[in-house]
Amino acid sequence: MNILIIGGGGREHVITKYIARNPKVSKIYALPGNGGISQFAECVKISAEDIDGIVSFAATHAIDFAIVAPDDPLAMGAVDRLEAEGVKCFGPEKSAAQIESSKVFAKELMTKYGIPTAGYKVFTETDKALSYAALSDCPIVIKADGLAKGKGVTVAENFQQARDAIMSCMRDKSFGKSGERILIEECLTGPEVTVLAFTDGKTIIPMVSSMDHKRAYDGNKGPNTGGMGVIAPNPHYTPEIANECMTRIFAPTIAAMNSEGRTFKGCLYFGLMLTPEGPKVIEYNCRFGDPEAEAVLPLMESDLLDVMMAVRDERLAEVPVKFREGASCCVVCASSGYPGSYLTGYPIDLGDAGNIPGVDVFHAGTKLEGGRLLTSGGRVLAVNAVADDLPTAREMAYDAVGRITFEGMRYRSDIGAF
Ligand code: AMP
Ligand code: GLY
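Report follows, based on the coordinates. (Residues numbered from 1 in each chain as written. Chains lettered and ligands numbered in written order. Predicted model: local features only at pLDDT ≥ 70, side-chain atom pairs only at ≥ 80, totals over all residues. Heavy atoms only, no water.)

1. Here's the deal with the nonpolar core
With 48 residues, the main nonpolar core has Leu4, Leu82, Ile99, Phe250, Phe270, Leu272 and Tyr284 as its most contacted residues. For this core, the leading source of residues is helix 9 (residues 239-259), giving six residues. Excluding residues within four positions of it along the chain, Ile99 makes contact with Phe105, Ala106, Leu109, Thr253, Met257, Phe264, Leu268, Tyr284 and Cys286. Ala41, Ile67, Cys330 and Ala382 belong to the second largest nonpolar core, which has 47 residues in total. (Core = buried A, V, L, I, M, F, W, Y, C linked by side-chain atoms within 4.5 Å. Buried < 20%, exposed > 50% of the residue type's maximum accessible area, 1.4 Å probe, protein only. Helix = DSSP H or I, 4+ residues; strand = E, 2+ residues; numbered from the N terminus. Contact = heavy atoms within 4.5 Å.)

2. Re the site of ligand 2
Surrounding ligand 2, one finds Asp212, Gly226, Tyr269, Asn285, Arg287, Gly289, Asp290, Pro291 and Glu292. Take Asp212: an N or O atom from its side chain is 2.9 Å from a nitrogen atom of ligand 2. Within the contact set of ligand 2, a nitrogen atom lies 3.0 Å away from a backbone nitrogen or oxygen of Gly226. Out of a free accessible area of 200 Å², ligand 2 has 90% covered by protein chains. When grouped by side-chain class, the residues that make up the shell around ligand 2 number two nonpolar, three polar and four charged. (Near = heavy atom within 4 Å. Polar contact = N/O pair within 3.5 Å; in protein donor to acceptor, adjacent residues only side chain to side chain. Areas by Shrake-Rupley, 256 points an atom, 1.4 Å probe, with all protein chains shown as cover. Nonpolar A, V, L, I, M, F, W, Y, C, P; charged D, E, K, R; others polar.)

3. Focus on the pairing of strand 1 (residues 2-7)
Taken across its six residues, strand 1 has six buried, putting it largely inside the fold. Where strand 1 lies against strand 2 (residues 27-32), six bridges are found, and the strand directions are parallel. Bridging from a neighbouring strand, Ile6 pairs with Leu31 of strand 2. Of the crossover connections in this fold, the one passing from strand 1 over helix 1 (residues 10-19) to the parallel strand 2 is right-handed. Bridge count between strand 1 and strand 4 (residues 65-68): four bridges; the pairing is parallel. Bridging across to strand 4, Ile5 finds its partner in Ile67. (Pairing = 2+ DSSP bridges. Right-handed = clockwise from strand over helix to strand, strands pointing away.)

4. As for the side chain of Asp72
Take Asp72: it is sitting in helix 3 (residues 71-75). Exposure remark for Asp72: the relative accessible area of 17% places this residue in the buried category. Those residues in contact with Asp72 that lie beyond four places of it in its chain are Glu49, Leu147 and Lys149.

5. Some thoughts on the site of ligand 1
Ligand 1 sits among 16 residues. The nearest are Glu185, Glu186, Leu188, Glu192 and Glu283. In the environment of ligand 1, an oxygen atom lies 2.4 Å from a nitrogen or oxygen atom belonging to the side chain of Glu192. In the environment of ligand 1, an oxygen atom lies 2.7 Å from a nitrogen or oxygen atom belonging to the side chain of Glu283. Protein chains shield 92% of the accessible area of ligand 1, which is 470 Å² for the free molecule. Breaking the shell around ligand 1 down by element, the ones donating at least two residues are strand 7 (140-144), strand 8 (153-156), strand 9 (182-186) and strand 17 (278-285).

6. Here's the deal with empty space enclosed by the protein
On inspection of all chains with the given rule, the structure shows three cavities of 30 Å³ or more. Taken as a whole, the largest cavity encloses approximately 80 Å³ of empty space. Along its surface, the largest cavity is lined by Ile99, Glu100, Ser102, Lys103, Ala106, Lys107, Met110, Lys143, Glu185, Ile282, Glu283 and Tyr284. Sorting the residues of the lining of the largest cavity by element identifies helix 5 (94-101), helix 6 (103-112) and strand 17 as the ones contributing at least two each. Examining the composition of the lining of the largest cavity, we find that four residues originate from one element, helix 6, more than from any other. Of the residues contributing to the lining of the largest cavity, the split by class is five nonpolar, one polar and six charged. (1 Å grid on protein atoms, 1.4 Å probe; cavity = no way out; pocket = protein on both sides within 12 Å on 5 of 7 lines; lining within 4 Å. Points joined across faces, edges and corners; volume = space filled by probe spheres on them.)

7. Examining helix 7 (residues 126-135)
Where helix 7 is concerned, the buried positions are Ala129, Leu130 and Ala133. Buried positions in helix 7, seen along its axis, are confined to an arc of 100 degrees and lie on one side of it. Of the exposed residues in helix 7, those oriented more than 90 degrees away from the buried face are Asp127 and Leu135. (Arc of directions from axis to C-beta.)

Here's what the structure looks like:
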């Protein structure tokens, strides 16, 4: 089979690694891929957001199956376009991807179908948003409606911060069209859990739970990022909570999307908060999380491509989806300055980090140039270790990180520490 993978981060690296293991696979192309993915796939310089480019590449390369991993091409309808050309895909169609690309859509869905989430109000006018914020008890949460590369959310501790966030979204248009409409939400409290789930619209199978570390610095300080590290499973997510989530959140979400005529097929990401009143949805994503995928997929024992093809063909109930016991700890190595501005193009020395058994060095923002591995993004590497328990996985991940160097490398030292 010829496989096409859209995207070029750590998530696409881990997906490619496990897809490459399937004996049916003869060739993998990645658009655009990265330095690590090139070990398993031919990387072609077509952006993940160039939908015309992707469709014409697929049409001329006899692609049997495509995996659309990032949010932007899903929101732009890459799956609809590829399927229309006869290319089978893993990933939701545009109408279903709206569960992530419009937070207002997701909120209205949850309200209509009684799925627990934070209270909210929608604003399209700056003045009205400001007066509402002025009358609210802080903390409150300000969110851009559309996609904002994980940076569209501010948890405002006081009115000043709320005002700055509203002005930045609505007046300064920091997130372009994505921030023309905003939500102001009630601030929930409690441990956060990510659950990724395979679903074909009929069956939903949650993967091992995980815990992202979104803030930039140790002790959960600093600005939100795309994610600085992950552990899996999430120690707060008990079997009782998992049952409650299935009954009150996961199954109702799939049913709600079907009722709306937007059947969701792919990986649905549930960002949950375990509040004193029970689990509530913070956000949905229409794809694997990054770096959650780098911690969760190495624990999967079943064949990833077989599961993805079963999702596409709506026969998920017929395939095994098994995860091993044990734990993952994934530490992100970032460029100095991330999530703000940063420089790229520095040589990366991986040392012997990749040779430690149980450790994977997934490439997030790297490129190969003239045989040299260089930094090319804010999040550069996602170093994951799998072991029988979390403390061992943690020790192995940090041992590996200690062997890696590049100019300005920065990472959190408290991933998985309690
Ligand atoms: P999101 O991009 O929606 O995942 O939001 C980023 C982060 O902001 C989440 O992981 C939470 O830590 C925080 N957050 C978002 N919404 C809320 C909320 N309603 N209450 C408390 N924290 C929130
Ligand atoms: N790590 C959070 C996300 O992928 O959205």
